[in-house]
Each structure stands twice: as structure tokens, then as C-alpha cells.
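# Examining the three-dimensional arrangement
Read off the chains here:
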Amino acid sequence: MSANNCRAVKVVDITPLGHSSPGEEIVELKLEYPGWESGWRVGQFVMIRPVSWPLDLIWGRPFSISSADDTTLTILFQVVGRGTKRLMELSKGDSVNIWGPLGSFFSKPKDRPVLMLAGGMGIAPFCGYVDSHQQPENLKLFFAHRPPLENYPYKALSDKVEVEDIQENKPEDIHTIIARVEALVKEYGEKNGLVVACGPTPFLRTIQRAALKYGVDAELSLENRMACGVGACLGCVCKDSEGHFTQVCTSGPVFKATAIDLEG
Amino acid sequence: MDMSVDFAGLKLKNPILTASGTFGSGLEFKRFGDLESLGGIIVKGLSLKPREGNPMPRIAETPCGMLNAIGIQNPGVEDFLTKKLPKLPWKTLPVLVNLYATDAAEFGELAAVLAGEEGVAALEVNVSCPNVKEGGIAFGQDPRQITKVAEAVKKNAGNKPVIIKLSPNVTDIATCARAAEDGGADGISLINTLSGMAVDIERRTPRLANVIGGLSGPAVKPVALRCVYQAVNAVKIPVMGLGGIATAEDAAEFLLVGATAVQIGTANFLRPDTAFKIVEELPKVLARVNAKSLDEFRGSLILPK
Ligand SMILES: Cc1cc2nc3c(=O)[nH]c(=O)nc-3n(C[C@H](O)[C@H](O)[C@H](O)COP(=O)(O)OP(=O)(O)OC[C@H]3O[C@@H](n4cnc5c(N)ncnc54)[C@H](O)[C@@H]3O)c2cc1C
Ligand SMILES: Cc1cc2nc3c(=O)[nH]c(=O)nc-3n(C[C@H](O)[C@H](O)[C@H](O)COP(=O)(O)O)c2cc1C
Ligand code: FES
């Protein structure tokens, strides 16, 4: 019998973070660790589909592994639509089908400074990144967000690494964010650093442009819509640097900035 | 209960296969179950030359189903034969190849490439894709074209069974099924996806870049079951039924109306071990409904007097 990396696990805990207002809810979901023999790497994700979901929701939903230990796996998610609304209704002890760990992961260089760039829920994988990094003193987080900071696991990170954030309150703030991201990417290029980033596509596009302009090593984690999560449906593709479609779920979600084309 | 079936000369350990486009090359699912426990796998549609497919977004979730407009993205038949097929346990797992081309001659050429391939158990001919401008559904809606494609493939396929995959987007499925039989097909499979659409009222845009896509999943099961029922009664060649099958009970419904085998498609996305679970469950379901054997159960639907 071959291994089955799809399991039903129980919800250990589910709690909203901060005081999110409707439409901005951010939830921490703790699940039993599915006992993956080969472990997991930071940047990888899981597909989640609660056992209770009827057939009106077909697909599982992809979420970054935020952190995990021998007993618990933590996911952070924002309520944006039909599936995440129902995820929020889960209770302790409910069963959730989960398959993973899926996809590629971030590099964790030992002796180079690393800049983590997070846009919104893109902060999720960096909790695990910080926890598992051998030299947190080499890390800095820049965080662009709309809901207030207390709705994110920001405090947990600011206790451990250097942090900086910009809240987007009005449309013009985007320009401030773009300018700051560019400056930071350039700075990390000059000191032979690595940039790791996760967030919405426009945010990643800004980072990619800067990384290519200044010749900086950057790794970007994409959040395309997925059906299977395992490379079978070809629904999640993005363009690679040669203009061919490639699956984000298996070739990514973490890509080198030089490997993909986000402009098309 | 003995679950083995003979489908047009193809020996299958059980009647559960996986549908083209929903199971990749098969290798993607190795970590979720024992591939060799399946009756067979049907790989993503292949064309002579690589195809890029349609722009994003290509998929949308709909009530009890999904829309896709992938557009037969594939690396070309050679790439599959050299890179993927050797990694599959094809000696013990029937690997069926799904073919896509834009005219009968090209279908014939593709069949010729595959005819000598030891690892390919049978050819499934897609004359029914709603997501490509050339060929695709246009064939599937014209019975004369279906016959022509079946003839062209059969002529070049050597001794490999040829299965024609039909579209439900027609007024008379029985005529299409007979057209495939007339062209010399060894079997037929149905249904491919139903032509559908979804829009976003906030953005006022279609949800798929291609505007129109193919609907699949539990939502299409009643349509699929009806098509299979009508096709079974129209032809003598065996029929593979698919469309919305998500449980062993669903699979049994298709067998009851006369399908010889079934394929699991979109349900592979509900969880990646769905097909493996259905293989395990089907004998139990048949036993529960007091079937004496698969043969006895198949086509044993009792119609109202
Ligand atoms: C590899 C990967 C990792 C991810 N990690 C996280 C994470 O850690 N935390 C988190 O909150 N979210 C994460 N996402 C995004 C998350 O998967 C989506 O927010 C979720 O699937 C939306 O489901 P829904 O049913 O609520 O939305 P739907 O009802 O399907 O759609 C509602 C809205 O959400 C948007 N949406 C749908 N799918 C996605 C998507 N894949 N990415 C972004 N927006 C989407 C739609 O465009 C639409 O506007 C990740 C996505 C990927 C691909
Ligand atoms: C993402 C996706 C890709 C598909 N690609 C193909 C294909 O390449 N060739 C083909 O004949 N059918 C293709 N199909 C159709 C399926 O094989 C099947 O006929 C259809 O989805 C109905 O069955 P289901 O409801 O069980 O999914 C595809 C379906 C989906 C959802
Ligand atoms: S989600 Fe299916 S191929 Fe990536």
C-alpha cells in the first residue's frame, strides 16, 4: 500500500485575531499535525476541505503553512469569500481533510541578510520562516497591510526580528508602499541579501520589477486560484520567463523572480 | 465480488478509471494511493504539438461543480511518451491516452504515433472539448465528422481499442453514439463537459478569460446519466460513463443504466484519493444492493411498465 498524504485531522482551535471588522476577519486555525513523515518546508502550502462541506463547494482551499510542530499545524486565513466564510464556522473537534505539504519553499541562507516582504495575508508563511531560521538577527520584515496590525500575528514577529510596516488607509498610500519596497529591495541587493516575498500579485509585481532592475535575488510566493493543488488540472498556471504556462501549485508557489513573468 | 471487466478487449481489474484532465499524467496522484489499484487512468489530452492553452483565469467554482477553460494545454505527445509514460506502472495499470486534434487527418496522425507504444492500452478520442476554437466541439456536434474521425483513428491505431468521447452539447446523443460505432469505434465514453458560463456582477466581467467554459462535477450527473442511458441503448459497443461521479453509489448508478466502466473526474479535486476510495467502496455498495455479480448488476435497471 502506498502512503496517502490526504488525511482527515481534527480542529484543535480556531480563533479570530485582533478585533477584525466584518469583511476583514483574520482567523488562526490550529489543526492536528497530519504526521507527514518527510516533514515540511517554509513556503509550502496545504489544501484544506472540511469533511462537513457538502458538494456545493467542490475544491479544497490552499493555505500557506504558517507554522507547525509535532502536534499542531497552524494556518492563518482571511475571510474573503464562500469557502473562507464557512471555514470560519468550524469548531474545535471538527474534521478537516488536508493534503500536503505541497509545492516549493523559500531558501533560508545562513550567512546573508534576508528581507521578508509581506502584503496582507502574505505574512502567514513568515511566522514559520522566523521560527525556523537559525539566525533571526539576519532577518527583517516589511509589512504592507489594510486591517490594523493587531489583527495579524505581527507582535509575535516584532518580538523576534526587525520590523517595519505601512498601513494602506487611502489609495495614495500605495505609492508610499511601492517606493519603500523599491528602496528596500535595492538596499538588500547592495548588501548581497535575499528577498523573500508573499502577497497579492500587484505587490509581487512591484517587487519583481525592483529585483530585476537592481539584479537582486528574490523569491516570490504566488496565490493563484487552485482546484487540485497537485499539478493535475492546469487551472493555477502563470507564465514562466520563456512565456510558457507553468503550474503554480507544483512549480511554485515560491518562484525565483527571474523564473516567472508577472507582467503578462 | 469479482470486479474485473473487459472493455472492448481491454482487461481492467475493476471498472473505475480516472477522467482525462482531472488526474494529470497519473504521477501526481502516486502519493495519495496505489495507482495500480485503479481499473485504469486516462491521461490529460495530448496533441501532436505542444499547446499553451487559454489565458487565466481558467477555472471557476460553481454550485456543485466547476467551469474550466484550460484549452488542452499539453506538452505534446512525444514529451508524454518519453518523460511520463516510462514512470507509470503501465504493465499492471492500463494507461489510456486521450487525443486532441483539429481535423480527422491529424487525429489519424496522432493515432499512428501511439499505435506502436507498448505502454498505451487504448486511445480515447476527444471530439468534444468546448474550450478550443479549432476542432473540439465542432466535431462532436456533427455525426458525419464523428464517423470520419473514428475511421481515421481506427485505421492508424493498430490493435489498440479506440474509444470516442462524446459531447453532451448535442440535441441527439444516440445519433452521435451510432456515428462513432459506424466509424468503427470499439467503445464510447461520455460525457465531456457541458458548455457553461459564470459572471461576476461586482466587476461586471465573465469569471473565465475565455468567457465560456465546460461545466463538470456533481451538478452534471443527471445529464450524464441520461446521456449514458440513451447511448447504451443506441449501440452495441461498450460505454464508459462519466460526469459528476463522486461516490461509489454514483458509480453504481452508471453501471445500473448499462455502462461497462466509469471514470472519476472533477471529484478527484474534492480530495485527491477519491478514485482510490471508490475502488474500495464499490464492491461493498454492490453487495449492499444485493447484486450477485457485476455482470448481473450492469444494465439491470427496471423500467416502469
Ligand atoms: C499557495 C497559496 C497559499 C495561500 N495562503 C493563504 C494564507 O496563508 N492565508 C490566506 O488567507 N489566504 C491564502 N491564500 C489565498 C486563499 O487560498 C484564498 O483566499 C481562498 O481560497 C479564498 O477562498 P474563498 O472560497 O473564501 O473565496 P471565493 O469565494 O472562491 O472567492 C472570493 C474572493 O476571493 C478571491 N480569491 C479566490 N481564490 C483566491 C486565491 N487563491 N488567492 C487570493 N484570492 C483568492 C477571489 O478572487 C474572490 O475575489 C493562499 C493561496 C495560495 C494559492
Ligand atoms: C480541468 C479539466 C480538464 C479537462 N481536460 C480534458 C481533456 O484534456 N480531454 C478530455 O477529453 N476531457 C477533459 N475534461 C473533461 C473530463 O474528462 C470529464 O469528461 C468531465 O469533467 C465530466 O466528468 P466529471 O464531472 O466527473 O468531471 C476536463 C475536465 C476538467 C474539469
Ligand atoms: S491547482 Fe490544479 S494544477 Fe495547480
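Here, every reference points to the structure presented above.
What comes next is a walk through the structure. This one's a predicted model, so the numbers in the text were calculated from it and none came from an experiment. Throughout this document, residue positions are counted from 1 along each chain, in the order its sequence is written. Just so you know, chain letters begin at A and ligand numbers begin at 1, following the order they were written in. With the structure being a predicted model, the display of local features is reserved for residues of pLDDT at least 70 and the display and counting of side-chain atom pairs for 80 or more, all residues being used for whole-chain, interface and lining totals. Calculation of side-chain values draws on the structure's entire complement of heavy atoms; hydrogens and water are dropped beforehand.

## Re the sheet that holds strand β5 (residues 59–62) of chain B
Residues and elements named next belong to chain B. Reading across the sheet, the four strands line up as β5-β6-β14-β11 and stay open at both edges, with antiparallel pairing between neighbours. The open sheet has two edge strands, β5 and β11 (194–197), and neither has a second partner. On average, each strand axis in the sheet is inclined to that of its neighbour by 40 degrees, with strand direction left out of account. Strand pairing requires that DSSP identify at least two bridges connecting the strands. Only runs of H or I of at least four residues qualify as helices and only runs of E of at least two qualify as strands under DSSP, and these elements are numbered from the N terminus. For helices, the fitted line uses only the C-alpha atoms of the stretch in contact; every axis is such a line through C-alpha atoms, and the angle between N-to-C directions lies from 0 to 180 degrees.

## So, helix α1 (residues 77–84) of chain B
By the burial criterion, the buried members of α1(B) are B:Val77, B:Asp79, B:Phe80 and B:Leu81. Only heavy atoms enter the contact rule, under which two residues are in contact if any of them lie within 4.5 Å. Packing partners of the buried residues in α1(B) comprise β7 (95–99) and α2 (104–115) of chain B. Accessible area is worked out with a 1.4 Å probe on protein chains only. A residue is then buried under 20% of its type maximum, exposed over 50%, and partly exposed in between.

## What to know about the site of ligand 2
What makes a residue near a molecule or strand is one non-hydrogen atom of that residue sitting within 4 Å of it. Ligand 2 sits among 24 residues. The nearest are B:Ser20, B:Lys165, B:Gly217, B:Gly244 and B:Thr266. More than a single chain frames ligand 2: its nearby residues are located in chains A and B. Pairs of N or O atoms within 3.5 Å make up the polar contacts considered here, provided that, within protein, one atom can donate a hydrogen while the other can accept it, and that residues adjacent in sequence are counted only when both atoms are side-chain atoms. Here an oxygen atom of ligand 2 and a side-chain polar atom of B:Lys165 are 2.8 Å apart. Contacts to ligand 2 include B:Ile191, whose backbone N or O atom sits 2.9 Å from an oxygen atom. Relative to its free-state accessible area of 610 Å², ligand 2 is covered by the protein chains to the extent of 98%. All amino acids are sorted into three groups, where Ala, Val, Leu, Ile, Met, Phe, Trp, Tyr, Cys and Pro are nonpolar, Asp, Glu, Lys and Arg are charged, and the leftover types, Gly among them, are polar. Broken down by class, the residue content of the shell around ligand 2 amounts to seven nonpolar, 15 polar and two charged. Using a 1.4 Å probe, accessible areas were evaluated by the Shrake-Rupley method; residue-level cover was limited to the displayed protein chains.

## Focus on the site of ligand 1
Every one of the 22 residues lining ligand 1 counts as a neighbour, but A:Arg61, A:Pro62, A:Leu76, A:Gly83 and A:Thr84 are closest to it. Neighbouring residues of ligand 1 are distributed over chains A and B. Within the backbone of A:Pro62, a nitrogen or oxygen atom sits 2.6 Å from an oxygen atom of ligand 1. Take A:Gly81: an N or O atom from its main chain is 3.0 Å from an oxygen atom of ligand 1. Relative to its unbound accessible area of 850 Å², ligand 1 is 81% covered by the protein chains. Elements with a contribution of two residues or more to the shell around ligand 1: β4 (61–64), β6 (72–78) and α1 (82–88) of chain A. Per element, the largest residue contribution to the shell around ligand 1 is four residues, and it comes from β4(A). Residue composition of the shell around ligand 1, grouped by class: 11 nonpolar, six polar and five charged.

## Details of the packing of aromatic side chains
Aromatic contacts are taken between Phe, Tyr and Trp rings whose centres are within 6.5 Å, Trp giving its six-membered ring; a plane angle under 30 degrees counts as stacked, one over 60 as edge-to-face, and the others as tilted. Inspection of the entire model under this criterion finds 10 aromatic pairs over all chains. Aromatic pair A:Phe143 and A:Tyr154: ring centres 5.7 Å apart, planes at 25 degrees, arrangement stacked. In this pair, A:Phe143 sits in strand β9 (residues 139–145) while A:Tyr154 sits in helix α3 (residues 154–158), placing the two residues 11 residues apart along the sequence. Judged by relative accessible area, which is 8%, A:Tyr154 ranks as buried. Centre to centre, the rings of B:Phe23 and B:Phe276 are 6.4 Å apart; their planes meet at 55 degrees, and the pair counts as tilted. In this pair, B:Phe23 sits in the loop between β3 (16–18) and β4 (40–42) while B:Phe276 sits in helix α9 (residues 274–288), placing the two residues 253 residues apart along the sequence. Residue B:Phe23 shares its accessibility class with B:Phe276, and that shared class is buried. Among the aromatic side chains, those forming a connected cluster through ring pairs are B:Phe23, B:Phe29, B:Phe32 and B:Phe276. Of note, A:Lys191 hangs over the ring of A:Tyr188, and the distance from its end group to the ring centre comes to 4.2 Å. By definition here, charges over rings are those cases where NZ of Lys or CZ of Arg is within 6 Å of the ring centre and within 35 degrees of the ring normal.

## Focus: the environment of B:Gln141
All names here are of chain B. With respect to the secondary-structure elements, glutamine 141 resides in the loop between α3 (137–140) and α4 (143–156). C-alpha separation for the pair glutamine 141 and alanine 60, spaced 81 residues apart in sequence, amounts to 25 Å. Among residues more than four places away in sequence, those in contact with glutamine 141 are Asn169 and Val170.

## A few points about the pairing of β6(A)
All names here are of chain A. Burial analysis of β6 places six of its seven residues in the buried class, which makes it a mostly covered element. As paired strands, strand β2 (residues 26–32) and β6 are joined by seven bridges and run antiparallel to one another. Bridge assignment links glutamate 28 to a residue of β6, and that residue is leucine 76. Here strand β5 (residues 67–68) pairs with β6 via two bridges, running antiparallel. Along β6, the bridge assignment pairs alanine 68 with leucine 73. Count of turn residues in the β5/β6 antiparallel hairpin: three residues.

## Concerning the interface of chain A and chain B
On the chain B side, the residues contacting the 35 residues of chain A number 36 residues. Two parts placed together each lose some accessible area under a 1.4 Å probe, and adding up what both lose gives the buried area. Together, the buried faces of chain A and chain B total about 3000 Å²; carbon and sulfur atoms form 59% of this surface. Note on definitions: salt bridges are taken to be side-chain nitrogens of Lys or Arg within 4 Å of carboxyl oxygens of Asp or Glu. Summed over the shared surface of chain A and chain B, the number is two salt bridges. The partner of B:Glu61 in a salt bridge is A:Arg82, and the shortest N-O contact between them spans 2.9 Å. Viewed at the interface, chain B and chain A are joined by 13 residue pairs in polar contact (both at pLDDT 80 or more). Looking at the side of chain A that touches chain B element by element, the count peaks at five residues for strand β7 (residues 95–102) of chain A.

## Overview of α4(B)
Residues and elements named next belong to chain B. If you check α4, its first and last C-alpha atoms are 20 Å apart, about what 14 residues at 1.5 Å a residue would give, namely 20 Å. For α4, every residue scored as buried is listed here: Ile146, Thr147, Val149, Ala150, Ala152 and Val153. The N-terminus of α4 is capped by aspartate 142, whose side-chain oxygen sits 3.0 Å from the backbone nitrogen of arginine 144. Two residues or fewer after α4 comes glycine 158, characterised by a positive phi angle close to 60 degrees. To estimate how far a helix should extend, the number of its residues minus one is multiplied by 1.5 Å.

Purely geometric stuff here, so don't read any function into it on its own.
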